[in-house]
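# Tertiary structure, described
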Amino acid sequence: MTGRLYGVGLGPGDPELVTVKTARLIGEADVIAYHAARHGRSIARSIALPYLREGQIEELLLYPLTTETTDHPGGYQGALDDFYADCAERLAAHLDAGRTVVVLSEGDPLFYGSYMHMHKRLAHRYPTEVVPGVTSVSAASAVLGRPLVERDEVLTVLPGTLPAEVLAERLRGTDSAAVLKLGRTFEKVRDALAEAGRLDDAWYVERATMGAERVAPLKDVDADGVPYFSLALLASPAERTFVPEPSSTEGQGEVTVVGLGPAGRPWLTPEAQEALAAATDLVGYGPYVDRVAPNPRQRRHRTDNRVEAERARHALELAAAGARVAVVSSGDPGVFAMASAVLEEAAAGFPDVPVRIVPGLTAAQAVAGRAGAPLGHDYCVLSLSDLLKPWDVVADRLTAAAKADLVLALYNPASRSRTWQLAAARDLLLEHRDAATPVVIGRDVGGAQENVTVTTLGELDPAQVDMRCLLIVGSSTTRVTARGVVYTPRRYP
């Protein structure tokens, strides 16, 4: 069984910029391979040192030459080709023996990296994976604190070894640029930047993120002592674009009434999440406000459940003073919730405050989904609460819906102070519905105490129902399968 080859990027120099995956692979490897010049010191190994472990095999791949001349028959490139071929066979011997081989590479393995020469010779012969790393270009941009490119700008990456006239032409025709491999090419690169009219904008970055990091305007840098691990950077021209000061938000606030859905975050829509994230103030019934994750920059205004009008006015007052207010409601804010309360108060006294409604998944939809599809045909939604309308109105509407053979979704079926209404509603419905009509009782759907019960209208026990429940009463066509799934056919006889 052959081993596996990994080419891993170590980033620009700071060991803390090594990715989690690269660190893990280094620690697990049987063989660690790295290139070095003839002095034998490897920057790659020094970056990886915190992640090495005792007992690992190390393969030092020592370049036979760098810039000096050679008497090799194939010249400079021939000498390097033989070197890469020899290195590849040394690594292949480990792979053939079943060992895992990690080849270290500064920056990114396939971005001007030495690893690519091993990859071309071995990747088709052995299982191979390349792990990317932070490039020197990204590191230079970061230490400068200047963006590389913005919107549709073009970034050009150039080796300093190109002819001066080619460099000047490329630099003249791009928005941003990084010129690598400075060292002995520094003066030529500086001249090319001047020829292109870009010298005043160019920055010099040496050993970005390393201990000897150096940053300076390129025109001020002395060519003597410029190392290979340095680059010239032309940052995004948009970096100099004027950014207007933010205008005062006084009088520019708004109220967004947000539906939280029936329970936790999985029921929250992306639009609702965005509205909550943008808010400066959260207003709502205490338990609903508590469902929104705390953010210390936001003010939270928790209120009692029976002060909807006062809550709405408070939200509008905050918005009139410039706040971005999210009024939170369980389920959908337009279904027996805060949307109408806010709009009513806005119409009465805050005509200039913008009000936006963000819908949410309703309790009826949540309970129906858990039960099957009881709302598969025409249905109506009623609240059994007689706090804001007289019971006679509730009774008349129940009777009308029952006569029309509509499925009913019943909100607010009971509370500590309303204990008789559900029994009265059941009796009214039984005047027009068969006692075997399916009834779904959904309690705390989506919450920790979720419970969904399927019973019948005749067997409905009001004692099992509280304020956290929603009831769905079927029509004459609603069915319950052998597995307890409730549905109402789309066709009516």
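Note that the structure is a prediction, hence the values are computed from the model and not measured.

## Some points on the sheet that holds strand β10 (residues 230-234)
The sheet built from 5 strands is open, its strands ordered β6-β7-β10-β8-β9 with mixed pairing. What marks the edges here is a single partner per strand, and that holds for β6 (155-159) and β9 (214-217). Sheet twist, expressed as the mean angle between neighbouring strand axes with direction ignored, is 20 degrees. Contacting β7 (176-180), β8 (202-206), β9 and β10, helix α5 (residues 136-144) runs over the sheet at an angle of about 65 degrees to β10. In the packing of helix α6 (residues 164-172) onto the sheet, contacts are made with β6, β7 and β10, and the angle to β6 comes to roughly 170 degrees.

## A few points about the pattern of salt bridges
On inspection of all chains with the given rule, the structure shows 21 salt bridges. A salt bridge links glutamate 206 to arginine 214, with the nearest nitrogen and oxygen atoms 3.7 Å apart. Take arginine 214: its relative accessible area is 34%, and that puts it in the partly exposed class. Several salt bridges converge on common partners, so that one network encompasses Arg4, Lys21 and Glu129.

## Remarks on the packing of helix α13 (residues 391-403) against helix α14 (residues 421-430)
As a packed pair, α13 and α14 sit with axes 9 Å apart at the nearest point and diverge in direction by 35 degrees. The two elements α13 and α14 meet at a crossing, and its hand is right-handed. Counted together, Trp391, Ala395, Leu398, Thr399 and Ala402 of α13 and Gln421, Ala424, Ala425, Leu428 and Leu429 of α14 form the full contact between these two elements. Counted by class, the contact of α13 with α14 contains 8 nonpolar, 2 polar and no charged residues.

## With respect to the environment of aspartate 378
Residue position: aspartate 378 is located in the loop between β16 (372-373) and β17 (379-383). Distance from aspartate 378 to arginine 490, taken between C-alpha atoms, is 8.6 Å for residues 112 residues apart in sequence. Residues in contact with aspartate 378, not counting those within four places in the same chain, are Leu406 and Val407.

## Remarks on unusual backbone geometry
Here tyrosine 112, not a glycine, exhibits a phi torsion of approximately 55 degrees, which is positive. The partly exposed category is assigned to tyrosine 112, whose relative accessible area is 38%. A positive phi angle, close to 45 degrees, is found at asparagine 412, a residue other than glycine. Note that asparagine 412 resides in the loop between β18 (407-411) and α14.

## Focus: helix α11 (residues 338-349)
Compared with the 16 Å implied by 1.5 Å per residue over 12 residues, the 17 Å span of α11 between its first and last C-alpha is a close match. Three or more residues of α11 are buried, namely Met338, Ala339, Ala341, Val342, Glu345 and Ala346. One side of α11 carries all its buried residues, which in axial view fall inside an arc of 165 degrees. Looking at α11, the residues exposed on the side facing more than 90 degrees away from the buried face are Ser340, Glu344, Ala347 and Ala348.

## Thoughts on the packing of helix α10 (residues 308-320) against α11
Viewed as axis vectors pointing N to C, α10 and α11 meet at an angle of 60 degrees, and their least axial separation amounts to 9 Å. Classified by the angle their axes make, α10 and α11 are oblique. Relative to α11, the crossing made by α10 is right-handed. Within the contact between the two elements, α10 uses Glu308, Ala309, Arg311, Ala312, Arg313 and Leu316 and α11 uses Met338, Ala341, Val342, Glu345 and Ala346.

## Here we look at the nonpolar core
Core analysis: the largest hydrophobic core is formed by 23 residues, its most contacted members being Leu398, Leu408, Leu410 and Leu471. Secondary-structure elements contributing two or more residues to this core are β17, α13, β18, α14, β19 (438-443) and β21 (469-473). Considering every element that reaches this core, the biggest residue donor is α13, with 6 residues. Excluding its chain neighbours within four sequence positions, the residues that come into contact with leucine 410 are Leu382, Leu384, Leu398, Leu470, Leu471 and Val473.

Criteria and thresholds
- Residues numbered from 1 in each chain as written.
- Predicted model: local features only at pLDDT ≥ 70, side-chain atom pairs only at ≥ 80, totals over all residues.
- Heavy atoms only, no water.
- Pairing = 2+ DSSP bridges.
- Helix = DSSP H or I, 4+ residues; strand = E, 2+ residues; numbered from the N terminus.
- Axes fitted to C-alpha atoms, helices over the stretch in contact; angles between N-to-C directions.
- Contact = heavy atoms within 4.5 Å.
- Salt bridge = Lys/Arg side-chain N within 4 Å of Asp/Glu carboxyl O.
- Buried < 20%, exposed > 50% of the residue type's maximum accessible area, 1.4 Å probe, protein only.
- Left-handed = near helix turned anticlockwise from the far one by under 90°.
- Nonpolar A, V, L, I, M, F, W, Y, C, P; charged D, E, K, R; others polar.
- Expected span 1.5 Å × (residues − 1).
- Arc of directions from axis to C-beta.
- Parallel < 35°, antiparallel > 145°, perpendicular 65-115°, else oblique.
- Core = buried A, V, L, I, M, F, W, Y, C linked by side-chain atoms within 4.5 Å.

Geometric descriptors of this kind do not, in isolation, establish any biological role.
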